[in-house]
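Observations on the three-dimensional arrangement
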Amino acid sequence: MNNNPFKTAFDSLEEFADVISEILQCSITIEDANHRLLAYSTHDERTDPARIATIIGRRVPEKVITSLWKEGIIPALLKNNEPIRVKSIDDVGLGDRVAVSIWNKDDVLGFIWALEIDKALTEQDCTLLKAAAESVKSKLLQLQTRKNKKEERSQEFFWKLLTGHMKVNEEIIENLHAFHITPASSFTISAFQFQDDITTEEEKQISYLLQTSQHLKVMLYTIDCNQLILLTSLDHIEQPFHEINRFVEAFVHNMEKRFGIAAIRPAFSSIYKDYQKIAKAYKETLRVLSIKEKFPSETANIHSYQNMGIYQLIDILLEQRKHEEYENQALKKLHEYDKKHNSNLVETLEVFLNKDNNVNDAAKALNIHTNTLSYRLKRICEISEINLKDPNQKMILYLDIKLQKFM
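Description of the structure in this document. Quick caveat, the model's predicted, so the values are computed rather than measured.

Cut-offs applied
Residues numbered from 1 in each chain as written. Predicted model: local features only at pLDDT ≥ 70, side-chain atom pairs only at ≥ 80, totals over all residues. Heavy atoms only, no water. Helix = DSSP H or I, 4+ residues; strand = E, 2+ residues; numbered from the N terminus. Rg over C-alpha atoms; globule rule 2.2 N^0.38 Å. Buried < 20%, exposed > 50% of the residue type's maximum accessible area, 1.4 Å probe, protein only. Contact = heavy atoms within 4.5 Å. Areas by Shrake-Rupley, 256 points an atom, 1.4 Å probe, with all protein chains shown as cover. Polar contact = N/O pair within 3.5 Å; in protein donor to acceptor, adjacent residues only side chain to side chain. Expected span 1.5 Å × (residues − 1). Patch = residues over 30% accessible without salt bridge, like charges linked within 9 Å, V, L, I, M, F, W, Y side chains within 5 Å. Salt bridge = Lys/Arg side-chain N within 4 Å of Asp/Glu carboxyl O. Pairing = 2+ DSSP bridges. Axes fitted to C-alpha atoms, helices over the stretch in contact; angles between N-to-C directions. Phe/Tyr/Trp six-rings, centres within 6.5 Å; stacked < 30°, edge-to-face > 60°. Lys NZ or Arg CZ within 6 Å of the ring centre and 35° of its normal.

With respect to the overall build of the protein
Within the protein, the secondary structure is distributed over 16 helices and nine strands. A compact globule built from 407 residues should have a C-alpha radius of gyration of about 22 Å, whereas the protein, at 28 Å, is more than 25% larger. In terms of overall dimensions, the protein has a C-alpha envelope of 95 × 55 × 35 Å along the principal axes. Relative to its 407 residues, the protein shows a buried fraction of 47%. Restricting the contact set of the protein to residue pairs at least 6 apart, pairs at least 24 apart contribute 62%. By element, 48% of the accessible surface of the protein is carried by carbon and sulfur atoms, the whole surface being about 21500 Å².

Notes on the environment of Gln-25
Within the fold, Gln-25 resides in the loop between α1 (13-24) and β1 (28-32). Accessibility expressed as a relative area gives 42% for Gln-25, which makes it partly exposed. Ignoring sequence-local partners within four residues, the contact set of Gln-25 consists of Ile-20, Arg-46 and Lys-119. Reaching out from Gln-25, the side chain makes a polar contact with the backbone oxygen of Glu-22 at a distance of 2.7 Å.

Some points on α1
With 12 residues, α1 extends 16 Å from end C-alpha to end C-alpha; this agrees with the ideal 16 Å at 1.5 Å per step. Summarising the contacts, the buried residues of α1 are in contact with β1, β2 (37-40), β5 (107-115), α5 (123-135) and α6 (137-162).

What to know about a nonpolar patch on the surface
The grouping of Ile-310, Leu-313 and Ile-316 at the surface amounts to a nonpolar patch, some 260 Å² of accessible area in total. Along the polypeptide, Leu-313 turns up in the loop between α10 (278-294) and α11 (314-324).

Concerning the sheet that holds strand β6 (residues 187-193)
Within a sheet, neighbouring strands are paired by backbone hydrogen bonds and run either parallel or antiparallel to one another. The sheet built from four strands is open, its strands ordered β7-β8-β6-β9 with antiparallel pairing. The two strands at the open ends of the sheet, each matched to only one other strand, are β7 (218-224) and β9 (265-268). Across the sheet, the mean angle from the axis of one strand to that of its neighbour is 15°, orientation sign disregarded. Where β6 meets β9, four bridges bridge the pair, whose relative direction is antiparallel. Paired with Ser-190 across the bridge in β9 is Phe-268.

Here's the deal with the side chain of His-35
Tracing the backbone shows His-35 in the loop between β1 and β2. Those residues in contact with His-35 that sit more than four places away from it in its chain are Arg-59, Val-60, Ile-65, Ile-74, Phe-111, Tyr-208 and Thr-212.

Regarding the pattern of salt bridges
Evaluated as defined, the whole model comprises 12 salt bridges. Here Arg-246 ties to Glu-243 by a salt bridge, and the two come within 3.4 Å at their closest N and O atoms. Here the residue Arg-246 and the residue Glu-243 both occupy positions in helix α9 (residues 240-259), the gap between them amounting to three residues, near one helical turn. For Arg-246, a relative accessible area of 44% translates into the label partly exposed. Between Asp-400 and Arg-321 there is a salt bridge; the shortest N-O distance is 3.0 Å. Taken together, the residues span a long stretch of sequence, with Asp-400 in helix α16 (residues 391-404) and Arg-321 in helix α11 at a distance of 79 residues. Here Asp-400 and Arg-321 have matching classes, each one buried.

Focus: the packing of aromatic side chains
What the rule picks out here adds up to 10 aromatic pairs. Measuring from ring centre to ring centre gives 4.8 Å for Phe-187 and Tyr-275, while their planes differ by 20°; the resulting arrangement is stacked. Placement of Phe-187 in strand β6 and of Tyr-275 in the loop between β9 and α10 is noted, with a sequence separation of 88 residues between them. Comparing Phe-187 with Tyr-275, the two get one shared label, buried. Ring geometry for Phe-192 versus Phe-251: centroids 4.4 Å apart, planes at 45°, classification tilted. Here the residue Phe-192 occupies a position in strand β6, and Phe-251 occupies one in helix α9, the gap between them amounting to 59 residues. Residue Phe-192 is classed as buried on the basis of its relative accessible area, which comes to 0%. Under the relative-accessibility criterion, Phe-251 is labelled buried at 4%. An aromatic cluster is built from Trp-69, Tyr-208 and Phe-259, whose rings are joined through pairwise contacts. The cationic tip of Arg-321 hangs over the ring face of Tyr-326; the distance from NZ or CZ to the ring centre is 3.9 Å.

Now the structure itself:
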């Protein structure tokens, strides 16, 4: 007797989903590793809101994926090939179901989900579901091979854009259509700098997050050593700077929370409408990453080139200072005083300027009383002969304090 009723050949994943459904007497969906819908059983109407939304959108809704991560379901599916019972999550319209991973050696190719609406699956049913996952593996491998070849071609195209080797707008639009990518009316280039070169396993994790995030559309992406680079659509986004900022911060957060990869540094360019400006946008992004590396504390919460402010010009100013052999006399006096009296007036001044002259915030950051800070500021003005009410003096002091760290 054949213990695996799924050994017979099938022409399509849709046909296979119907076969599983008939044998187990429940609704079936088959997804790839990034929760994109590949096939679903069609012969009955037993379903729930989460499955309906998956079928309509052709992928699992992000809120459902997030809930499954929080409940530990997806981490469990990524660790073993045994069927896992999933209890209903009413908040996202998810009913009871059983899930099983589709594996090829050490890689998860996808998932099969069986809904338990009219009946709960027995232990024998779960064994059959596991057998179905083994039988469908070859079909998913074929799909993955075609997908990988397409990604290689699209990444080559993306590098031509990033390096300025494709500059004719019509040609760029034509290539986007060839890759079935809808050209966006506005876009940004973003990048994420990892501490070390991105590994093959991390590439899979990155792909998973980009594919499952449904807030902003990633049109193209590539990896260069320790950097992930994205071309992101901003179509129909009312507050694009706010939304792309939220997107990059969410990516960093999820990479750490779900996969334990910390200290990723995000950056993104200005917003553009002309695809011939992609190379320019890429340079802006690299510029932001360079600035964030030099001034990590000052720019920790700044990811946009537009919001870098005076830091956009910091390298130019540094070169000028070096060329002129300039020295800020007010700061020189404060440094000499600190050295002689073992004090920290320069640090006090820097924190005060960082906090935009807010005495309460600066005192809190320095962990001193506001009266102590006021006394120090008075001494700073006396020693350096500066006027902290003069915006011109404050601006040049702020810049020179930052520049001194690299001179």
